[in-house]
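Commentary on secondary and tertiary structure
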Amino acid sequence: MYRTISAIGLGFLVLLGQPAETAANEWLLPADIEADVGLLERSLQHLHPGYQRFTDSTALADGWADIVATANAANGMSQADLYLAVSRHLTTIRCNHTKAELPANLVAERRITPTYLPFRWQLIGPDRRAVVVASSVEVSIRSGDELVAIDGKPIDALIETFVGFIPADGYADAARYPEVAFSSEFPGGAIEHFGALTSAFADTVEVEFIGADGTAFSRTVKRLSGDQWRTMLQDTGGFYRNFKDAVELEFVAPEIARLSVATFVNYRQPVQPAVVYDPIFRAIAEQDIDVLVLDLRGNGGGSDNAQLGLLERLLLSPTRLMRDVVAAANNLGPATGHVESWDQRALAMAPDDYEPLENGLFRVNPDWVGRNVEWLPPHPLAFQGELIVLVDSSLSSGSNHLVSRLQDRPGLTLVGSDGGGNAAGATAGILFTLRLPASGIGVRIPAWRQTIDRDGLSDGQPVRPDLRVEPTLATWRRGEDPVLEAALVQAHKRRRASR
């Protein structure tokens, strides 16, 4: 699909084969690369409140210089190569909210060019088995078939190749892997999203599987365009969920309930969180529930109002989510004229909204940050009983903040696997999008650094479960949920102990 050179390293080209040219992928001259990379580096240094949080300035500067040197040696670089190189180096900042966006011309080509597999798959268990979860009606591939190779390339090798393009908060590196298979940020997952920039994708692809009965087989199938892939996603039930449709309550045993909140995304089809939460917590109170199992697996965060609405309904005493919210600057500096944001206040950068601190950062006006830094009293319907929370590597941003803050709740038990965020708080909040003039690449830069209001947190480490339980390929194929089963065992023990 696209032409690339050595900007991503010889190893990628050896693995993926010689790429092809297309008119959509523009060639950039060395001066263009130097200007775009220089603007990006200066803007990150100025605006990003966690730019040197986990990586020293020398390593960061060397990475940007290497991109420029590669372009100079080859008399330029394609848009695709620059996007790949920038994406790869951004991961060294260790911030999941700092990532690159494709330029508009490549996005447009993705819509009509066949680059996507005609099935959805995910990684199951600690050994990361690649399993089909749904497929297009046009292909004879079944849910539960294990994916082992794509066009002769072993899936394990592809996973390890492309996981390096996925950013993660702090040292929550396990959170990178699910996005290799499927990602809301990188459509199709990293193998398809980034792979289409590193290799020529034919319209058809040979995929190899091991069926549930242990039989190996292969299929040659047609790839889908971006528009077709989104239709397949919708038809197979894999499209992105909204908060109002992602909250479910189930009474699983006397005095035990399970509350699933699959996302906090409340901006596509917004509702007042009370409309969703109040009937649920009223029912919990009416049923005299002693133990609540809160299932946050798959919840990658979203909107503050949905997150805080749940927090205040789980509090035992007045609590605030964030101890502090700071910014790196009180002006746009070198990014002036090159950034956009969904919140125009971020672009205005009124100095009165930023209090200078001795460490060189700026405390953000509490009126702007809102309820994140306010002391929240328990809601009148707040659940007062035992709480068990199910977590996995999707735990990120708002969902990660919620669980991290709840960890000093008496008797709280976390069941599952490591979370995908920084337990001490993310660099997130409002995001800037820096548009690089020559290449058209966008780069998201978080405006705020948030600190969870809890002592003893290790910066960069993920939320870790008290009871580690993960599904396996075998349990998944049998339709079993060992994480929930382990949580319910704990719930029954708690219920008996409280009598």
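Scroll up for the structure.
Now for a look at the structure at hand. (Residues numbered from 1 in each chain as written. Predicted model: local features only at pLDDT ≥ 70, side-chain atom pairs only at ≥ 80, totals over all residues. Heavy atoms only, no water.)

Here's the deal with the pattern of salt bridges
The tally for this structure, following the rule as stated, stands at 32 salt bridges. Across the salt bridge formed by Asp-455 and Arg-323, the nearest N and O atoms sit 2.9 Å from each other. You can see Asp-455 sitting in the loop between strand S20 (442–452) and strand S21 (467–468) and its partner Arg-323 sitting in strand S13 (residues 322–327), a full 132 residues away along the chain. The exposure class assigned to Arg-323 is partly exposed, which follows from its relative accessible area of 34%. Through salt bridges with shared partners, one network takes in Glu-101, Glu-185, Glu-340, Arg-435 and Arg-444. (Salt bridge = Lys/Arg side-chain N within 4 Å of Asp/Glu carboxyl O. Helix = DSSP H or I, 4+ residues; strand = E, 2+ residues; numbered from the N terminus. Buried < 20%, exposed > 50% of the residue type's maximum accessible area, 1.4 Å probe, protein only.)

Re the packing of helix H3 (residues 57–73) against helix H4 (residues 79–90)
Following both chains from N to C, one finds H3 and H4 inclined at 170°, their axes separated by 10 Å at the closest point. The angle between H3 and H4 places the two elements in the roughly antiparallel class. Contacts between H3 and H4 involve Ala-59, Leu-60, Gly-63, Trp-64 and Ile-67 from the former and Leu-82, Ala-85, Val-86, His-89 and Leu-90 from the latter. By residue class, the composition of the contact of H3 with H4 is eight nonpolar, two polar and no charged. (Axes fitted to C-alpha atoms, helices over the stretch in contact; angles between N-to-C directions. Parallel < 35°, antiparallel > 145°, perpendicular 65-115°, else oblique. Contact = heavy atoms within 4.5 Å. Nonpolar A, V, L, I, M, F, W, Y, C, P; charged D, E, K, R; others polar.)

Focus on the sheet that holds S21
Strands sit in the order S10-S11-S12-S17-S18-S21 across an open sheet of six strands; the sheet is mixed. Each edge of the sheet is formed by a strand with only one pairing partner; in this case those strands are strand S10 (247–253) and S21. Of the strands in this sheet, S10, strand S11 (256–261) and strand S12 (291–295) are in contact with helix H10 (residues 273–286), which crosses S10 at around 10°. (Pairing = 2+ DSSP bridges.)

What about the pairing of strand S5 (residues 129–135)?
Of all seven residues that make up S5, six are buried, and the element is covered over most of its length. Two elements, strand S4 (residues 119–124) and S5, share six bridges in a ladder whose sense is antiparallel. For Gln-122, the partnering residue across the bridge sits in S5 and is Val-131.

Some thoughts on the environment of Asp-459
Within the secondary structure layout, Asp-459 lies in the loop between S20 and S21. Separated by 405 residues in the primary sequence, Asp-459 and Phe-54 place their C-alpha atoms 9.2 Å from one another. Among the polar contacts listed, one links the side chain of Asp-459 to the side chain of Arg-53, at a separation of 2.9 Å. Polar contacts involving the side chain of Asp-459 include one to the side chain of Asn-422, which spans 2.9 Å. (Polar contact = N/O pair within 3.5 Å; in protein donor to acceptor, adjacent residues only side chain to side chain.)

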